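Working through the structure, step by step
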Amino acid sequence: MQFWLMKTEPDECSIDDALAAPRRITPWSGVRNYQSRNTMRDPMRVGDGVLFYHSNCAEPGIAGLAEVASGSRPDPTQFDRKGGYYDPQSKREAPRWVLVDIRALKKTRLVPIAELKAHKALANMLTLRPGNRLSITPVSGAEWRYITGKLL
DNA sequence: GCCAACGTTGGC
DNA sequence: GCCAACGTTGGC
């Protein structure tokens with residue numbers, strides 16, 4: 001079992017939105033970064049743990065827990081001409097972007113990024129590195145246990 | 001709203 | 001295949 005941190009803008013899909021969705025499942029659409037796409041396509045497995053992170057908002061930080069609920073499949077929003085995630089270069093016979101389904105498990109207290117940065121045990125978290133812009137990053141087992149055990 | 005840092009694009 | 005310009009991310 002592996003662990004991931006997945007960013008979402010709460011204006012688009014907050015932990016409350018994800019918990020309110022049918023079967024608490026959210027298709028993680030709209031990722032348009034190759035590295036994050038590859039993470040969903042290759043190493044992610046059903047059942048992996050997910051830190052549900054609110055980004056680009058008034059209170060950025062960890063907002064809940066989730067799990068990977070499906071393998072990867074083509075992201076349908078890449079073919080939607082009218083949607084904001086349309087990719088004219090992606091062909092149906094060779095889709096460029098994929099998604100996985102994420103099942104929201106629970107809302108937690110919000111752990112602000114400043115608090116995460118204050119813990120030495122989390123100093124190596126990829127998402128805390130200056131300039132990091134990946135929307136999906138791996139979380140080590142030790143980091144996962146520290147966060148879920150001590151901070152939530 | 002600012003802006004640093006990074007990914008992507010495209011001319012050469 | 002280099003690299004400058006550009007666009008985007010995302011904390012502050």
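I will try to describe carefully the structure that is included in this document. Every chain begins its residue count from 1, and numbering advances along the sequence as written. The order in which chains are written sets their letters, starting at A; the order in which ligands are written sets their numbers, starting at 1. pLDDT decides what is reported in this predicted model: residues at 70 or higher carry local features, side-chain atom pairs at 80 or more are listed and counted, and totals for whole chains, interfaces and linings draw on all residues regardless. Side-chain figures throughout are based on the complete set of non-hydrogen atoms in the structure, without hydrogens or water.

**A few points about the environment of Tyr-86**
Condition: Helix and strand assignments come from DSSP, with helices taken as H or I runs of at least 4 residues and strands as E runs of at least 2, each series counted from the N terminus. Classification of residues uses two cut-offs on accessible area relative to the type maximum, computed with a 1.4 Å probe and protein chains only: under 20% is buried, over 50% is exposed, and between them is partly exposed. Note on contacts: a residue pair qualifies if any of its non-hydrogen atoms lie within 4.5 Å across the two residues. In protein, a polar contact requires one atom able to donate a hydrogen and another able to accept it; more generally it is a pair of N or O atoms within 3.5 Å, and residues adjacent in sequence count only if both atoms are side-chain atoms.
Mapped onto the fold, Tyr-86 is located in the loop between strand S5 (73-74) and strand S6 (98-99). Look at Tyr-86 and you get partly exposed, because its relative accessible area is 28%. For the pair Tyr-86 and Pro-76, spaced 10 residues apart in the sequence, the C-alpha separation amounts to 9.0 Å. Discounting chain neighbours no more than four positions away, the residues touching Tyr-86 are Thr-77, Gln-78, Phe-79, Asp-80 and Arg-81. In this structure the side chain of Tyr-86 is engaged in a polar contact, spanning 3.2 Å, whose partner is the side chain of Arg-81.

**Describing the side chain of Thr-39**
When you line up the elements, Thr-39 lands in helix H3 (residues 34-41). Non-local contacts of Thr-39, meaning those with residues more than four positions away in its chain, are made with Trp-4, Met-44 and Ile-136.

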